[in-house]
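# A look at the structure
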Amino acid sequence: MHLFWMILQIVILITIAMLHVAYATYFERKIIGHMQVRMGPMRVGPHGLLQPIADGIKSFFKEDIIPECADRPGFLAAPVICLSAMIASLAVLPFAAGWVLADLNIGLLFIFAMSSLASYGVILAGWASNSKYTFLGGMRSMAQVISYEISMGLSLVGVMMLAGSLNLSEIVAAQGDSFFGMYLFPQAIGFFVFVVAMLAETNRVPFDLPEAETELVSGYCTEYSGFRYALFFMAEYIGMMVMASIGVICFLGGWHGPFSIPFPPFFWFMIKLYAIMFFFMWIRSTLPRYRYDQLMELGWKVMIPLALFNILLTGLFKTVVG
Amino acid sequence: MLVNYKPQRNLLETVFLVEILKGMALTLKRMFSRPITRQYPDEKQEPFPGFRGMHALARDPRTGGPRCVACMRCVTVCPSRCIRIRYREQEGGARLVENYEIEALRCIYCGYCEEVCPVGAVVLTELYEYCSYDRESVHFSREDLLGNWDRFMAEKKYDPATYINPFWRPRGLPEERIAAGNRRKVPREWTIAGQPVGRCHRRPGGQAESGDQGVEE
């Protein structure tokens, strides 16, 4: 009975996440369209509302092409690794008090591990496709993940120091008595570094070098088609949501609002999550892509020192005040 | 000239990413503005005067056939050589067009053929919706081209007996150098005097050398 209940929860969580992925693509296209004074998808359903469903059906029935010279096992495994790693990190996210599948004590570490594992999928896809574009995309992804994983980890160290825990539920609970119920203000530098690293980790504009459309066709997933491509797509959007959730949990106070309102418990969480998702799309429609050397320079010379400085500052603050 | 490509920022502007914030403010502002795009199959654009679209052979209202006299001028002038004419000579020297082919996929829509045509037979209509899934159906034969003319007349509700398009006349030529069938009233910028560049503007006084009687006032 317990097992059945667990599986039911998993199914519900994955279904909701997939629906979010589908409509995140729709809202991304709509928002970017309107920011570029266009309308975005309009043809399928009223205001294109059924577009994600049509896209899903289309990608499901498309021909699945595997290049002749591709490394078959690697090629087949890569999208699955990507997606399963991303879905696995959904398990430790607390959406409201007690609404969490696995209340791990090392939740934050688990998320880091999973997002690194997902980038293995990207690198494997780039290598196994046996194509120059995908290979370049994979290489770039590797370099980018190595550089930005560090600054992301360091940017969250301040939060860990303040909360005194790696358990995500406890981090949210610890924020309750701080200003506005969130760590955003004591950890402003950390949040800035986190946002930049978050964009880089999820391969989003302006750090979308692994799938730079203008130079690498489609980067690491150039050779993928049909449903395997859709798997990468879903992995990217779930990754965005996971990163946004981490931002919400660690910096914006999770399910606590700045003031209380009689709504379902995950109301504040969702509002903050959508705000960060909107920010992803907003950034995408505004900024051009960084050059490779600029990306490395920003990562190593600005973000990591800034994150270290934040740790120092937080430590001083804790010793002097706390 | 010294061009300052990289405007100087002070330290504060660099730290707080003022330029990125400005860009983001702009995109956010644009998000609430009205889209300028047209929802094509629902709202169609009305072509501007002088639009060069689908090819047609003007139908002669007296005979019911094409006005074409097989003078071969269009074939000669066509830069992409997409026109092919087969004709038969009748007694008395009159030529009868047996077939008139236009490969629309090779055509570059320069409009030279309609300008050189002495009788206004080959024309580019204002229709622009004639795509197809195969090449054969846009390789127009004589009957297809006559059909295009009928479709043009029907869709735009023009009277085939009187319809005349001033843009079939070449631009900036004196009246006497234009074939009699093409001497039509044109807008002023279509005449020599109305040309923004060219012979009349290089001369002080700026008078056209001759005959701009066809100006529409």
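Conventions and cut-offs
- Residues numbered from 1 in each chain as written.
- Chains lettered and ligands numbered in written order.
- Predicted model: local features only at pLDDT ≥ 70, side-chain atom pairs only at ≥ 80, totals over all residues.
- Helix = DSSP H or I, 4+ residues; strand = E, 2+ residues; numbered from the N terminus.
- Rg over C-alpha atoms; globule rule 2.2 N^0.38 Å.
- Buried ≥ 20, exposed ≤ 12 C-beta atoms within 10 Å, placed from the backbone.
- Contact = placed C-beta atoms within 7 Å.
- Nonpolar A, V, L, I, M, F, W, Y, C, P; charged D, E, K, R; others polar.
- Pairing = 2+ DSSP bridges.
- Axes fitted to C-alpha atoms, helices over the stretch in contact; angles between N-to-C directions.
- Domains from an automatic or database assignment.
- Parallel < 35°, antiparallel > 145°, perpendicular 65-115°, else oblique.
- Left-handed = near helix turned anticlockwise from the far one by under 90°.

Broken down by element type, chain A carries eleven helices and zero strands. For chain A, whose C-alpha radius of gyration is 20 Å, the value lies close to the compact-globule estimate of 20 Å for 322 residues. Dimensions of chain A, computed from the C-alpha atoms along their principal axes, are close to 65 × 45 × 45 Å. Looking at the 322 residues of chain A, the share that counts as buried comes to 46%. The contacts of chain A with a sequence gap of at least 6 include a subset with a gap of at least 24, amounting to 78%.

Moving on: the interface of chain A and chain B. Of the residues lining the interface, eleven residues belong to chain A; the matching set on chain B comes to twelve residues. Residue assignment for the side of chain A that touches chain B shows that the elements contributing at least two residues are helix 1 (2-35) and helix 10 (267-286) of chain A. Of the residues contributing to the side of chain A that touches chain B, the split by class is seven nonpolar, three polar and one charged.

All names here are of chain B. Read from one edge to the other, the open sheet built from three strands follows the order 2-3-5, with strand pairing classed as antiparallel. Edge positions in the sheet fall to strand 2 (83-89) and strand 5 (139-140), since each of these pairs with one other strand and no more. Relative to strand 3 (residues 95-103), strand 2 runs antiparallel, the two sharing seven bridges. Opposite Arg88, over in strand 3, you have Leu96 as the bridge partner. Each of strand 3 and strand 5 touches helix 5 (residues 142-156); the most contacted strand, strand 3, lies at about 80° to it.

With that out of the way, let us pick up the domain arrangement of chain A. Residue and element names in this part refer to chain A. Under the domain assignment used here, chain A contains domain 1 (1-54) and domain 2 (62-320). Listed as interface residues are 14 residues of domain 1 and, on the opposing side, twelve residues of domain 2. Here the side of domain 1 that touches domain 2 is composed, by residue class, of nine nonpolar, four polar and one charged.

Attention now goes to the packing of helix 7 (residues 188-201) of chain A against helix 11 (residues 292-320) of chain A. Residues and elements named next belong to chain A. Running from amino to carboxyl end, helix 7 crosses helix 11 at an angle of 150°, the nearest separation of the two axes being 9 Å. In this view, helix 7 runs roughly antiparallel relative to helix 11, as classed from their interaxial angle. Handedness of the helix 7/helix 11 crossing: left-handed. Contact residues: Ile189, Gly190, Val193, Val196 and Ala197 in helix 7; Met303, Leu306, Ala307, Phe309 and Asn310 in helix 11.

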